[in-house]
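# Observations on the model geometry
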2 protein chains.
Amino acid sequence: MQETGVRVAVLGCGTVGTEVVRLLTTTADDLAARAGAPLRLVGIAVRDLDAERDPVVPRELLTTDAAGLVARADLVVELIGGIEPARSLVLAALGSGASVVTGNKALLASYGPELHAAAAAGDADLYYEAAVAGAVPVVYGLRESLAGDNVTAVLGIVNGTTNFILDEMATRGLSFDEALALAQERGFAEADPTADVDGHDAAAKAAILASLAFHTRVGVDDVPVTGIRSVTADDMREARENGYVIKLLAVARRDGERGISVRVHPALLPVGHPLAAVRGAYNAVVVEAEAAGRLMFYGQGAGGAPTASAVLGDVVAAAAHEVHGGRAPRESAYAERPLLGPADVVARTQVQLRLADRPGTLAAVADVYGRHTVSIESVRQHRLAEGQSWIAIVSHEASEAALAATVDDLATLESVHEVLSVMRVEGV
Amino acid sequence: MQETGVRVAVLGCGTVGTEVVRLLTTTADDLAARAGAPLRLVGIAVRDLDAERDPVVPRELLTTDAAGLVARADLVVELIGGIEPARSLVLAALGSGASVVTGNKALLASYGPELHAAAAAGDADLYYEAAVAGAVPVVYGLRESLAGDNVTAVLGIVNGTTNFILDEMATRGLSFDEALALAQERGFAEADPTADVDGHDAAAKAAILASLAFHTRVGVDDVPVTGIRSVTADDMREARENGYVIKLLAVARRDGERGISVRVHPALLPVGHPLAAVRGAYNAVVVEAEAAGRLMFYGQGAGGAPTASAVLGDVVAAAAHEVHGGRAPRESAYAERPLLGPADVVARTQVQLRLADRPGTLAAVADVYGRHTVSIESVRQHRLAEGQSWIAIVSHEASEAALAATVDDLATLESVHEVLSVMRVEGV
């Protein structure tokens, strides 16, 4: 640290970066009092010096030389996103002993262990509250508050875009395509919505949450993902009529000492579940721990100001360490819990089928479940036009492998005209 | 720190202490991996060596010499409660450089600055997550996660006993006395329920939350308190019919740069407010901050295991500091915001009156409001027996002083037979 304070570099000046710069400049006295020294913004790395910017951004601090900026900072705020050049810059910062605060979920979910190792080797902090669920302090919660407890499950709504789309489908009866178009119009979804609607963004966050919750390395490639493209307005209506909502969930579970599973998928959730009431662009994460029981963290999951709040909380913590000593918790991966496969992970599903409407079809369907030793919790059936009927079967808990094999076999039944949907049931 | 690990002393072995001992012994390997060194339980201070105890408590570690135990510990967990001997023991620990983890809200709310000063002088940590809302990590949230933001309001349900009582009144139509008796029968209320039902417990927590939220010293004596004894089954029914619930709230607000206010009182809360759905012994705290917007922290507010989870999270943090260096955040009271008085604090109230049922009475009532420049948002009125009517008046925002003067004057009106109740309206 320089005598003149903690030298802070901001990499990236988009929506979040601009808000970070705003807070660093407009609340400088508060931040200095809390960190124990002034936070001195020494530069802002951007791609285009001439782009239009919010007047709060001091143009004289803009630079296109990100690497040069990193070299003269005590604390680097990485808000570029994506893997490169973010990864190289973060590693350079940590290697030189500068602490890093990042909101880069993709980088953490793919290169977390490498970054943590670099932080330890450089005796620097690595903070990333903003990488998961915006302003919601669930990284702190798992990494610090729950350090004395054993987490058994994490269920989260961690992607505001898909939550907004599902909400609009549920409340206004829109199709997926209509709701996506609305989300894009309102700025809640990007022109290329793949990362959000196909669940990859949520999967990166799920990997980070699971790593923290279970003290085990989990990467984004360890997370099987199903997005929300196949969710229909009919699914929504049907869910509502039966006391459920449909949410895209990140689910991480520990099965005793056997191992852990991490999944992202749309799921039927009972309307009374705390996550069922999470609307629009809000995020929420439910954590279940052996001693604490059920906790919930709730707040705005995205947007410039909320994300900047999370970034600045980390900046103050890292800056206080520069001033007073101490370090952020290191990577905690000692537990090395195995990732369970489909034969070992239990789940419940609802399967919707279009069937021939004639005697014996239900018996044939039930027989398939029985052969895979999947027991059935409930069956709802109604007649469609032209000699066909619709049926929804909710299972009890069974292995993912048995549930998948059941669906494969159902599809081969002569009386089954179509497997309309297969969806997880959670939170019961 | 000794080479053999961090020496942990537990003071008090009631419900929470027993669960802390259970976690320290049954999850010792996990805790050691997370803290970076074994946590070695060196003694448990109790009043009665011969009392019956859970088998998890190692009897050979029991001692009645709390001061002697403190002298041979690196980390002291204070779970005695109350002021003395807790205060002297905590000061002795901090003075000797041992870190302290406490769940003692009364001690913190009355002697917080003294304890923080002792921690700083002794270069020791002072942690107290368990002092507010059990397992709900709102102390972490305010002290660390939100260190980069400016909090404008904190609204919390922080007392499970009163929340249980109000819930039973609301859902089962019980009177306060009946619901209190039920809470005592179920172990949710103590034989002497004063601290809970009169709001003193919530006031201590409100003082702690406000101190953290506003970086300003707030003591329990700075918190005007109204408990729930005067809430009636009629109030509950009336609230429900009008789309409200009644909750005991801790409310801390910042009015721009003018100052802050901290209050505990029962309040009407719209059913759609996130706190309205908090049931039974659960706690929840809503924090509103300039950048983060609205956050909510939710979980079990009391009970041995949840509180022990909060304690152990702090123990791991403090132990990691013993091992790796670094310290918990110090007291942050730099802002020194003034506490606003009744002339400056704005509020909304609902006043219920029993009136003479004759022309002109409503005009007289409205005139009193007008004279105090309190504007009326809504009036509901219905006829009672014997020439009387009932009226409920909800105000817009006005100063507490003006609202109180209005009620004083209403009581003197010849047409007002009785002021039935005056209650805050929050969360609108």
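Position labels on residues start from 1 in each chain and follow its written sequence. Chains carry letters from A onward and ligands carry numbers from 1 onward, assigned in written order. Note on the predicted model: pLDDT of at least 70 is required for a residue's local features to be given, and 80 or more for side-chain atom pairs to be given and counted; whole-chain, interface and lining totals, by contrast, use all residues. Just so you know, side-chain values use all the structure's heavy atoms and leave hydrogens and water out.

### Thoughts on the sheet that holds strand S5 (residues 99-102) of chain A
Residue and element names in this part refer to chain A. The criterion, for reference: Two strands qualify as a pair provided DSSP detects at least 2 bridges between them. Helix and strand assignments follow DSSP, with helices taken as H or I runs no shorter than four residues and strands as E runs no shorter than two, numbered in order from the N terminus. The contact criterion used is simple: two residues touch if any of their non-hydrogen atoms lie within 4.5 Å. Axis geometry follows a simple rule: fit a line to the C-alpha atoms, using only the stretch in contact for helices, then measure angles between N-to-C directions, giving values from 0 to 180 degrees.
Pairing within the open sheet is parallel, and its 6 strands lie in the order S3-S2-S1-S4-S5-S6. With partners counted over all chains shown, the strands left at the sheet margins are strand S3 (62-63) and strand S6 (126-127), one partner each. Across 6 bridges, the pairing between strand S1 (residues 6-11) and strand S2 (residues 39-45) is parallel. Looking across to S2, one finds that Val 6 is bridged to Leu 39. This element, helix H1 (residues 15-26), spans S1 and S2 of the sheet and lies at about 155 degrees to S2.

### Some details on the packing of aromatic side chains
Put simply, the rule reads: Whether two aromatic rings pair depends on their centres lying within 6.5 Å, for rings of Phe, Tyr and Trp, where Trp uses its six-membered ring; planes under 30 degrees apart make the pair stacked, over 60 edge-to-face, and the rest tilted. Only protein chains enter the accessibility calculation, which uses a 1.4 Å probe. A residue is then buried if its area is under 20% of the maximum for its type, exposed if over 50%, and partly exposed in between.
Here the structure, examined in full by the defined rule, presents 5 aromatic pairs over all chains. With centroids separated by 4.6 Å and ring planes inclined at 50 degrees, the aromatic side chains of Phe 164 of chain A and Phe 188 of chain A adopt a geometry described as tilted. Here Phe 164 of chain A is found in helix H7 (residues 160-172), whereas its partner Phe 188 of chain A is found in the loop between helix H8 (176-185) and helix H9 (194-197), with 24 residues between them in sequence. Overall, Phe 164 of chain A belongs to the buried group, its relative accessible area being 5%. Among the residues examined, Phe 188 of chain A registers a relative accessible area of 36% and is labelled partly exposed. Their ring planes at 70 degrees and their centres at 6.4 Å tell us that Phe 297 of chain A and Phe 297 of chain B sit as a pair that is edge-to-face.

### Observations concerning the domain arrangement of chain A
Where interface size is given, it is often the accessible area lost as the parts come together that is meant. All names here are of chain A. The cut-off we apply is this: A domain assignment, automatic or from a database, supplies the domain bounds used here. We define buried area as the total accessible area lost by two parts upon association, computed with a 1.4 Å probe and summed across both. Throughout this description, the term salt bridge denotes a Lys or Arg side-chain nitrogen within 4 Å of a carboxyl oxygen of Asp or Glu. As used in this structure description, the phrase polar contact means that two N or O atoms lie within 3.5 Å; if the pair is within protein, one of them must be able to donate a hydrogen and the other to accept it, and residues adjacent in sequence are counted only when both atoms belong to side chains. All amino acids are sorted into three groups, where Ala, Val, Leu, Ile, Met, Phe, Trp, Tyr, Cys and Pro are nonpolar, Asp, Glu, Lys and Arg are charged, and the leftover types, Gly among them, are polar.
Segmenting chain A into domains produces domain 1 (6-134 + 304-324), domain 2 (138-300) and domain 3 (346-425). Between domain 2 and domain 3, the C-alpha centre-to-centre distance is 26 Å. Listed as interface residues are 11 residues of domain 2 and, on the opposing side, 9 residues of domain 3. Buried area between domain 2 and domain 3, both sides added, is near 930 Å², and the carbon and sulfur share of it is 54%. For the pair domain 2 and domain 3, the number of links is 2 salt bridges. At the boundary of domain 2 with domain 3, the tally comes to 5 residue pairs in polar contact (both at pLDDT 80 or more). When residues of the side of domain 2 that touches domain 3 are traced back to their parent elements, those giving at least two are helix H11 (233-241), strand S8 (244-255) and strand S9 (259-270). Top contributing element to the side of domain 2 that touches domain 3 by residue count: S9, with 5 residues. When grouped by side-chain class, the residues that make up the side of domain 2 that touches domain 3 number 6 nonpolar, 2 polar and 3 charged.

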